[in-house]
Amino acid sequence: METDWKKKLKEFDFVRLTFADTNGIPRCKVVPSNRIMDVIASGNIGFCSFSVISDASSTPVYHEKLMGAGDPDFSAAPQLETIHSCDWSGGSEYRVAQIICHLVPKLSGNNELAVYDTRYICAKLVRELVTALGLQIWSALEYEFVLASKDRTPVLDGKHIFSSLVTKQLEPFLFIVCGRLQKAGINVETMHPEFGSG
């Protein structure tokens, strides 16, 4: 019997294998869906060391420390239960999925997760909160973004916080964003114009 993630794979044309670098920025490889099973089975989904330690402009940082550790490359360890649709990607022609990955140093030889992998660090801290303090995290995020025209001028002057009229003007865009977030498993509770340009 096929597992759930194998069934889901058949719905997509391409799959992103994604990890978060040391700044929390997602980095990925894209694999055609007809090759994804072979790639996962190989256990050798390689990333160069620079991709883990680059800053937001993709400039390598901490390079001396990495060289001191032997400048190791990394393998991605796909967390297959994390497969989900990337509705914002692929346009109208292609369906794209994403699988979140842990990082494993290639030189470790034992498939232990990299202790500087941001996903590993967060998971470890969450476990310690539960075991050491009996606490459980319940979180919510407030995303704010600026809408700008092609010349990067904010489309709103920022004087109409919670305005129904401005909300009506933005509805076509907001509803598309909301629908795509929900398809990605992100629950949207409220939307409104804020106080600030854009």
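Before going into details, it helps to say that this report is about the structure given with it. (Residues numbered from 1 in each chain as written. Predicted model: local features only at pLDDT ≥ 70, side-chain atom pairs only at ≥ 80, totals over all residues. Heavy atoms only, no water.)

Some points on the overall build of the chain
Here's step 1: Secondary structure assignment for the chain yields six helices and six strands.
Here's step 2: What you see in the chain, going N to C, is helices and strands ordered as α-β-β-α-β-α-α-β-β-β-α-α.
Here's step 3: Looking at the 198 residues of the chain, the share that counts as buried comes to 29%.
Here's step 4: Looking at the chain alone, contacts between residues at least 24 apart form 53% of all its contacts between residues at least 6 apart. (Helix = DSSP H or I, 4+ residues; strand = E, 2+ residues; numbered from the N terminus. Buried < 20%, exposed > 50% of the residue type's maximum accessible area, 1.4 Å probe, protein only. Contact = heavy atoms within 4.5 Å.)

Concerning the pairing of strand E6 (residues 96–105)
Here's step 1: A large share of E6 lies buried, amounting to ten of its ten residues.
Here's step 2: Here E6 shows two buried faces, one formed by Val 96, Gln 98, Ile 100, His 102 and Val 104 and the other by Ala 97, Ile 99, Cys 101, Leu 103 and Pro 105.
Here's step 3: Relative to E6, strand E1 (residues 14–20) runs parallel, the two being bridged by five bridges. Bridge pairing in E6 links Leu 17 to Ile 99.
Here's step 4: Alignment of strand E4 (residues 74–78) against E6, held across five bridges, turns out to be antiparallel. Of the residues in E6, the one forming a bridge with Phe 74 is Pro 105.
Here's step 5: Bridge count between strand E5 (residues 84–85) and E6: two bridges; the pairing is antiparallel. Paired with His 84 across the two strands is Gln 98, which belongs to E6. (Pairing = 2+ DSSP bridges.)

Here's the deal with the nonpolar core
Here's step 1: Formed by 21 residues in total, the largest nonpolar core has its most connected members in Val 15, Leu 17 and Ile 36.
Here's step 2: For this core, the secondary-structure elements that each account for two or more residues are helix H1 (4–9), E1, helix H2 (36–42), helix H3 (50–53), E4 and E6.
Here's step 3: Looking at which element gives the most residues to this core, the answer is E6, with four residues.
Here's step 4: The residues touching Leu 17, leaving out its near neighbours within four places in the chain, are Arg 27, Cys 28, Lys 29, Val 31, Ile 36, Val 39, Ile 45, Phe 47, Ile 99 and Cys 101.
Here's step 5: Counting residues in each nonpolar core, the second largest holds five residues, with Leu 147, Val 166, Leu 170 and Leu 174 among its members. (Core = buried A, V, L, I, M, F, W, Y, C linked by side-chain atoms within 4.5 Å.)

Here's the deal with the environment of Leu 9
Here's step 1: Within the secondary structure, Leu 9 is located in helix H1.
Here's step 2: Taking the relative accessible area as the measure of exposure, Leu 9 reaches 6% and is therefore buried.
Here's step 3: In sequence terms Leu 9 and Ser 33 are 24 residues apart; their C-alpha atoms lie 6.9 Å from each other.
Here's step 4: Discounting chain neighbours no more than four positions away, the residues touching Leu 9 are Val 15, Ser 33, Ile 36, Met 37 and Ile 83.

Details of the packing of aromatic side chains
Here's step 1: Inspection of the entire model under this criterion finds one aromatic pair.
Here's step 2: Ring geometry for Phe 14 against Tyr 94: centres 5.6 Å apart, planes inclined by 70 degrees, an arrangement best described as edge-to-face. Here Tyr 94 lies in the loop between E5 and E6 and Phe 14 lies in strand E1, a separation of 80 residues in the sequence. (Phe/Tyr/Trp six-rings, centres within 6.5 Å; stacked < 30°, edge-to-face > 60°.)

Some remarks on helix H5 (residues 118–133)
Here's step 1: Taking 1.5 Å as the rise per residue, H5 with 16 residues should run 22 Å; its terminal C-alpha atoms sit 22 Å apart, in good agreement.
Here's step 2: Downstream of H5 by one or two residues, Gly 134 has phi in the positive range, about 70 degrees. (Expected span 1.5 Å × (residues − 1).)

A closer look at the environment of His 160
Here's step 1: Of note, His 160 is situated in the loop between H5 and helix H6 (164–183).
Here's step 2: A residue is classified by how much of its surface remains accessible, and His 160, at 39% relative accessible area, is partly exposed.
Here's step 3: Not counting residues up to four positions away in its chain, the partners in contact with His 160 are Val 166 and Pro 193.

Quick notes on the state of the cysteines
Here's step 1: Counted by the stated rule, this structure contains zero disulfides.
Here's step 2: In this model Cys 28 remains outside any disulfide bridge; the closest cysteine sulfur is found in Cys 86, 8.5 Å from its own.
Here's step 3: Judged by its relative accessible area of 36%, Cys 28 is partly exposed. (Disulfide = S-S within 2.5 Å.)

Quick word on the pattern of salt bridges
Here's step 1: Inspection of the entire model under this criterion finds four salt bridges.
Here's step 2: Residue Arg 27 pairs with Asp 21 through a salt bridge whose shortest N-O separation is 2.9 Å.
Here's step 3: One salt bridge connects Glu 171 with Lys 168, and the closest N-O pair in it is separated by 3.7 Å. Here Glu 171 pairs with Lys 168, and both are found in helix H6, just three residues apart, close to one helical turn. (Salt bridge = Lys/Arg side-chain N within 4 Å of Asp/Glu carboxyl O.)

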